[in-house]
Number of protein chains: 2
Amino acid sequence: MKIGEVARKTGVKAETIRFYEREGILNAPPRTRSNYRDYGPAEAATLVFIRRARDLGFSMPDIRELLELSNEDDRSCAAVDSLARAHLDQVKRKIAALQVMRDELSRMIAKCEQDTISECRIIDTLAVRDR
Amino acid sequence: MKIGEVARKTGVKAETIRFYEREGILNAPPRTRSNYRDYGPAEAATLVFIRRARDLGFSMPDIRELLELSNEDDRSCAAVDSLARAHLDQVKRKIAALQVMRDELSRMIAKCEQDTISECRIIDTLAVRDR
DNA sequence: GCTTGACCTTGTAGTGGCTACAAGGTGCAT
DNA sequence: ATGCACCTTGTAGCCACTACAAGGTCAAGC
Ligand SMILES: [Zn+2]
Ligand SMILES: [Zn+2]
Ligand SMILES: [Zn+2]
Ligand SMILES: [Zn+2]
């Protein structure tokens, strides 16, 4: 499979695939005689793994570790679990921070009565002149 | 005021203040004879404005626009409001996306029963071998 | 056999919002 | 005179891509 085909099959863009190879999270595939990358199903599977993990917000160092762990079939999965749990915690913290922003923005917007800028409660809230 | 003092007063680090000057969202202040930046209260106020807006997640282009608008006292604040509303929408979308991640991660983690990696439901969910 | 077009190759630079140096200048106290 | 905190400029790094530029390869159609 050439890079374009594996890109279509896995949902990972060709440029991103080359980027993953440069970063060392995807093994470099063999080349055809015209120097095109020639992928097999194993690489496609790795790419799907990477894409799913990225969709769940895992970082590239996380994914590198998950990929290594996924090959050690008979070890305990404790490391996988704690990595996933740590990541879940981080996602929860990010949500909480965004909810604070959302609530503050909503309050700010609700107070504005579409007047002139000198009366605008949004600008007031941001500027030192407020309160 | 030298940069360190205004940094302490506004909660914006000196390096970040210089960065804002380079980016053109904070005016370059006059210099002392020894070439140190010499800030007055107006620049400090601008920095507090920027910091508050950043805390609410506004982007630097957004902030540039908010700063420009904040000087036009007698214009309507419609532009301010729509900018804030657009930003709120974006924050809400980000929260929704993170909640999807959170729920998927939680489900994945809950299914794992701390077995070997070949049985791990987390790895299974990511890999093609799943289902 | 020659052109067109889709695809592939490498390398480099840009995105956002900082942060972290490196290498040197200034100001004040001891 | 020495030390130390502070300031200056410039450059590079962070993350996960994305967007070129400039060129090579291959099949189809005329
Ligand atoms: Zn993580
Ligand atoms: Zn308003
Ligand atoms: Zn915004
Ligand atoms: Zn597990």
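See the structure shown above.
Residues numbered from 1 in each chain as written. Chains lettered and ligands numbered in written order. Predicted model: local features only at pLDDT ≥ 70, side-chain atom pairs only at ≥ 80, totals over all residues. Heavy atoms only, no water.

A.B. asks: Could you give an account of the protein's contact with DNA strand D, with specific residues and numbers?
C.D. replies: The environment of DNA strand D is made up of 18 residues, and the closest members are A:Tyr20, A:Tyr36, B:Gly4, B:Arg18 and B:Arg37. Sugar and phosphate atoms represent 78% of those atoms of DNA strand D found within 4 Å of the protein. For DNA strand D, a phosphate oxygen lies 2.7 Å from a polar atom in the side chain of A:Arg54. B:Ile3 has a polar backbone atom sitting 3.5 Å from a phosphate oxygen of DNA strand D. The set of elements that each furnish at least two residues to the surface near DNA strand D consists of α2 (14-23) and α4 (60-70) of chain A together with α1 (3-10) of chain B. The dominant element in the surface near DNA strand D, judged by the number of residues it contributes, is α2(A), at 4 residues. Here the residues of the surface near DNA strand D sort into 7 nonpolar, 5 polar and 6 charged. (Near = heavy atom within 4 Å. Polar contact = N/O pair within 3.5 Å; in protein donor to acceptor, adjacent residues only side chain to side chain. Helix = DSSP H or I, 4+ residues; strand = E, 2+ residues; numbered from the N terminus. Nonpolar A, V, L, I, M, F, W, Y, C, P; charged D, E, K, R; others polar.)

A.B. asks: Could you give an account of the coordination of the zinc ion (ligand 4), naming the residues involved and the relevant values?
C.D. replies: Note on the zinc ion (ligand 4): its protein donors are A:Cys77 (SG), A:Asp81 (OD), B:Cys112 (SG) and B:Cys120 (SG). The metal-donor distances range over 2.2 to 2.5 Å. The site at the zinc ion (ligand 4) holds 4 donor atoms, and with the angles between them running 87 to 138 degrees, its shape is irregular. Of this pair, A:Asp81 sits in helix α5 (residues 78-111) while B:Cys112 sits in the loop between α5 (78-111) and α6 (121-126), placing the two residues on different chains. Residue A:Asp81 is classed as buried on the basis of its relative accessible area of 1%. Relative accessible area serves as the criterion here: at 9%, B:Cys112 is assigned to the buried category. (Donors = N, O, S within 2.8 Å, 3.2 Å for Na, K, Ca; no water. Tetrahedral: all angles 85-135°; square planar, octahedral: opposite > 155°, others 65-115°. Buried < 20%, exposed > 50% of the residue type's maximum accessible area, 1.4 Å probe, protein only.)

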